[in-house]
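Next come the chains, spelled out residue by residue.
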Amino acid sequence: MYLGIDCGTQGTKALVLDTQSGRVLGEGSAAHQLISGANGRREQEASDWLQAFELATRAALEQAGVPGSAILGIGVSGQQHGLVLLDAQGEVLRPAKLWCDTESAAENQQLLDFLGGDSGSLERLGVAIAPGYTVSKLLWTRDHHPEVFARIAHILLPHDYLNYWLTGRCCAEYGDASGSGYFNVRTRTWDTELLELIDPDGALVRALPELIEADRCVGSIRPEVAERLGLNPGALVASGGGDNMMGAIGTGNIAPGAITMSLGTSGTVYAYADQPRVSPHPQVATFCSSSGGWLPLICTMNLTNASGAIRELLGLDIDAFGALVGEAPIGAQGVLMLPFLNGERVPALPLASGSLHGLTSDNLTRANLCRAVVEGTTFGLRYGLDLLRDSGIRSDAIRLIGGGAKSATWRQIVADIMGAPVACPQHTEAAALGAAIQAAWCVARERGQAVSLQSLCDTCVTLDEQRGAQPDAQRSQAYEVVYQRYREQVRQLQ
Ligand SMILES: Nc1ncnc2c1ncn2[C@@H]1O[C@H](COP(=O)(O)OP(=O)(O)O)[C@@H](O)[C@H]1O
Ligand SMILES: O=C(CO)[C@@H](O)[C@H](O)COP(=O)(O)O
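Residues numbered from 1 in each chain as written. Chains lettered and ligands numbered in written order. Predicted model: local features only at pLDDT ≥ 70, side-chain atom pairs only at ≥ 80, totals over all residues. Heavy atoms only, no water.

### Here we look at helix α16 (residues 430–446)
Okay, so step 1: Along its 17 residues, α16 runs 24 Å from first to last C-alpha, staying within 8% of the 24 Å computed at 1.5 Å per residue.
Okay, so step 2: Where burial is concerned, most of α16 is hidden: 15 out of the 17 residues are buried.
Okay, so step 3: Phi turns positive one or two residues past the end of α16, at glycine 448, with a value near 75°. (Helix = DSSP H or I, 4+ residues; strand = E, 2+ residues; numbered from the N terminus. Expected span 1.5 Å × (residues − 1). Buried < 20%, exposed > 50% of the residue type's maximum accessible area, 1.4 Å probe, protein only.)

Here it is in structure tokens:
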């Protein structure tokens, strides 16, 4: 049995996977608190993740009805780009700034100017650094919290930190590291010179974790943590990875051919590539995968956070919200929402705010507002998919995951707006599943057993025929008109 953990933005999800049968035996989850402040601050206490890790793990074990002693390996998936700073004693120095924090947008621009803009950044790193990537958070810490900056001994990403807590070892793997903004995706090495620009004394470079391959284990679980979580003290901890990298594994997207789309707090679309073919579009991030290759990806910063905001505003539960989305017609009778509540990465509008267009006294209804937020967020994903298609991603087979994929109405809207068939894996918590699968792969490697990641995915990733959606030509055509209206509004903001 293997334990997969996904430390997402809104919460931690855990699952217990039996890799012999490919069945998920139990799942658990626990919510995180978000610290929001002026200027786009979005932070979380790392201790909150540990608490959620424990609650979600215990719930998953209980549902699975298996003892923690049966867990042979643990894989950890984490929200990308967050910055966790530790002092020399391994204590967390301040709350982690998250991927959706835009407080360091000015620092990102300073770094981008140094790199020679998007094209210079693409040439040097293979990605165009965006607000939210880790690197600008370091510059921000230097300029706003020099006392914290002076004590930095370890720079970790969220999943690296959880691996450190589990094992006592600081290390990183290529997938998550490639989203830091101080990593070269072509050579798969840290860009230490960029860090020396921020800190000429070299302390940041010394604080970098060692890089390990995706199929390696970080180490064994520490006895005190095994006891706290009720797990096998002999369990090994896998390299893990960023949540999108783990979502790729959990949807079997480990060879060219498929597209994964995630409807989480963020919206992401990505496809595996066996070469780092860097797209000329700066909004396409050619990250590394956590399976040995690359993962060209687009990310929108406003997805279920935006649908959740409208839902809460109207005082609706998830089912009532879904029913209202289904009640309104395509195009929400003219109501168009640009859902950029938190600035936006794709389309690249870091300073944008959200807006509603086309309101009249006839169409201002709860159903139209619900429909407009789902359509508006999905148009952002279509905008990103167009960029990926334009970068040479040819596949049309979409595997849909994340919280929003639980909604049948949203699945159909995705199929119609993308003009592509949508398949849902049995487990929409694909990042946690991918983490458990990767754990089985790493443990097998550690023991010298010849088990391929592909064979594990073949056994453990199954599609749910009942939850697929086919595009309908007429509906797709109707959406195309609304999508062009969305693009026009975006153009006006650029
Ligand atoms: N049936 C549904 N319809 C729409 N949204 C849903 C549904 N089920 C869950 N969600 C939304 O999914 C979100 C959580 O998605 P998840 O992928 O777990 O996010 P993250 O990994 O970023 O924490 C929540 O905001 C929740 O409101
Ligand atoms: O920033 C990105 C990808 O570049 C986000 O996708 C984060 O990785 C957060 O993921 P979720 O919490 O939405 O799953």
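### Things to note about the site of ligand 1
Okay, so step 1: Taken together, 15 residues are adjacent to ligand 1, and Thr9, Gln10, Lys13, Thr265 and Gly403 come closest.
Okay, so step 2: Residue glutamine 10 places a main-chain N or O atom 2.9 Å away from an oxygen atom belonging to ligand 1.
Okay, so step 3: Elements that contribute at least two residues to the shell around ligand 1 include exactly β2 (11–18) and α12 (304–313).
Okay, so step 4: The residue makeup of the shell around ligand 1, split by class, is one nonpolar, 11 polar and three charged. (Near = heavy atom within 4 Å. Polar contact = N/O pair within 3.5 Å; in protein donor to acceptor, adjacent residues only side chain to side chain. Nonpolar A, V, L, I, M, F, W, Y, C, P; charged D, E, K, R; others polar.)

### Description of the side chain of glutamine 438
Okay, so step 1: By the secondary structure assignment, glutamine 438 is in helix α16.
Okay, so step 2: Using a relative accessible area of 0% as the deciding quantity, one classes glutamine 438 as buried.
Okay, so step 3: Within the structure, the side chain of glutamine 438 is placed 3.3 Å from the backbone oxygen of alanine 214, a separation counted as a polar contact.
Okay, so step 4: Apart from the residues lying within four places of it in its own chain, the contact partners of glutamine 438 are Ala214, Ala238, Ser239, Gly240, Met246, Ile249 and Ser290. (Contact = heavy atoms within 4.5 Å.)

### A closer look at the site of ligand 2
Okay, so step 1: In the region of ligand 2, 15 residues are neighbours, and Thr9, His81, Asp243, Ser266 and Arg345 sit closest.
Okay, so step 2: One of the side-chain nitrogen or oxygen atoms of threonine 9 is found 2.4 Å away from an oxygen atom of ligand 2.
Okay, so step 3: In this structure, an oxygen atom belonging to ligand 2 sits 3.0 Å away from a side-chain N or O atom of asparagine 244.
Okay, so step 4: Its free accessible area being 380 Å², ligand 2 has 95% of it covered by the protein chains.
Okay, so step 5: Within the residue set of the shell around ligand 2, elements represented by two or more residues are α11 (243–250) and β20 (294–300). (Areas by Shrake-Rupley, 256 points an atom, 1.4 Å probe, with all protein chains shown as cover.)

### Some details on helix α18 (residues 473–493)
Okay, so step 1: Its 21 residues give α18 an end-to-end C-alpha distance of 30 Å, which sits within 8% of 30 Å, the value for a rise of 1.5 Å per residue.
Okay, so step 2: With a side-chain oxygen lying 3.1 Å from the backbone nitrogen of glutamine 474, the N-terminal cap of α18 falls on aspartate 472.

### A closer look at the UniProt feature "site: Important for activity" (unreviewed entry) in the chain
Okay, so step 1: The sites that UniProt annotates as "site: Important for activity" (unreviewed entry) are Asp6.
Okay, so step 2: If you trace the backbone, aspartate 6 turns up in strand β1 (residues 2–7).
Okay, so step 3: Take aspartate 6: its relative accessible area is 6%, and that puts it in the buried class.
Okay, so step 4: With residues near it in sequence (within four places) discarded, aspartate 6 still touches Gly11, Thr12, Lys13, Ser77, Gly78, Asp243, Ala431 and Ala432. (UniProt positions renumbered as here; feature names shortened; annotations may be inferred.)

### Some remarks on the sheet that holds strand β23 (residues 398–401)
Okay, so step 1: Taken together, the six strands give an open sheet; going across it, the order is β19-β20-β18-β17-β23-β24, and neighbouring strands pair in mixed fashion. Each end of this open sheet is capped by a strand with a single partner; those strands are β19 (285–288) and β24 (422–423).
Okay, so step 2: One ladder, built from two bridges, connects β23 with β24; its direction is parallel. Each residue of the ladder has a partner; that of arginine 399, found in β24, is alanine 423.
Okay, so step 3: Helix-sheet contacts for helix α15 (residues 408–418) involve β17 (259–263), β23 and β24, and the interaxial angle to β17 is about 135°. (Pairing = 2+ DSSP bridges. Axes fitted to C-alpha atoms, helices over the stretch in contact; angles between N-to-C directions.)

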